[in-house]
Amino acid sequence: MVKIQRKSMNKPEETRNFPKGKVELVKLEGVTFGLATFEPGWKWSECVKPIVKTESCQASHTAYQISGRLHVVMDDGTELEFGPGDIGVVPPGHDAWTVGDEPVVALDITGMVDYAKKA
């Protein structure tokens, strides 16, 4: 039986740093919550691809965007931009980058288990 629990994103259990960004992770009842911060100039294909060594991001993301603007391009060419207050699903096979001068901060509940882990 599940008991009432609390953890805080203010005390991440793990932090993965990469150029121009980081993800802070907290696990609770089999769900890995990831607070992603992508600074201006961050681009997945430049900052994370060299770590994971895949052609595009292979994580599936379900996320709530807190701040900043994030542009996503799927491998098939489909594009979408996310901003503050947006909730979105991004399937595997994409690139993404920060738009503008404000950092992107997003809370992801499906795509952070292996995100930016060394291959």
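Thresholds, definitions, all that
In this numbering scheme, every chain counts its residues from 1 along its sequence in written order. Given that the model is predicted, a residue must reach a pLDDT of at least 70 before its local features are reported, and side-chain atom pairs must reach 80 or more before they are shown or counted; all residues, however, enter totals for whole chains, interfaces and linings. Values shown for side chains rest on all heavy atoms present in the structure; no hydrogens or waters enter the calculation. A pair of cysteine sulfur atoms is labelled a disulfide when the two atoms are within 2.5 Å. Remark: exposure states derive from per-residue accessible area (1.4 Å probe, protein chains only) relative to the maximum for the residue type, with buried under 20%, exposed over 50%, and partly exposed in between. The rule is short: rings of Phe, Tyr and Trp, with Trp giving its six-membered ring, pair when the centres are within 6.5 Å, and they are stacked under 30 degrees, edge-to-face over 60, tilted in between. A helix here means a DSSP run of H or I that spans at least four residues, while a strand means a run of E at least two residues long, and both kinds are numbered starting from the N terminus. Paired strands, as defined in this entry, are two strands with at least two bridges between them according to DSSP. Between the N-to-C directions of two axes lies an angle of 0 to 180 degrees, each axis being a line fitted to C-alpha atoms and, for a helix, fitted only over the stretch in contact.

Peer 1: Would you mind showing me how to read the state of the cysteines here?
Peer 2: Structurally, a disulfide amounts to a covalent bond that connects the sulfur atoms of two cysteines. Counting across every chain of the model gives zero disulfides. You can see Cys47 has no disulfide; the closest cysteine sulfur is in Cys57, sitting 13 Å from it. The exposure class of Cys57 is buried, given its relative accessible area of 3%.

Peer 1: I tried to follow the packing of aromatic side chains on my own but got confused; where do I start?
Peer 2: Each aromatic ring pair is characterised by the separation of its centres together with the angle its planes make. Taken as a whole and judged by the stated rule, the model has three aromatic pairs. Relative to Phe38, the ring of Phe18 has its centre 6.3 Å away and its plane inclined at 40 degrees; by these criteria the two rings are tilted. Taken together, the residues Phe18 in strand β1 (residues 14-18) and Phe38 in strand β3 (residues 31-38) connect sequence positions 20 residues apart. Across this residue pair, the class does not change: Phe18 and Phe38 are buried.

Peer 1: Where do I start with the sheet that holds β3 in this structure?
Peer 2: Strands in a sheet are paired, the pairing made by backbone hydrogen bonds, and the direction either parallel or antiparallel. Strand order in the open sheet formed by six strands is β1-β2-β3-β9-β4-β7, and the pairing between neighbours is antiparallel. Two strands bound the open sheet, and with one partner strand each, they are β1 and β7 (87-90). Taking the axes of each pair of neighbouring strands and ignoring which way they run, one obtains an average angle of 25 degrees across the sheet. Pairing of strand β4 (residues 61-67) with strand β9 (residues 104-108), which is carried by four bridges, proceeds in the antiparallel orientation. Pairing of Ser67 across the sheet is with Val105, part of β9.

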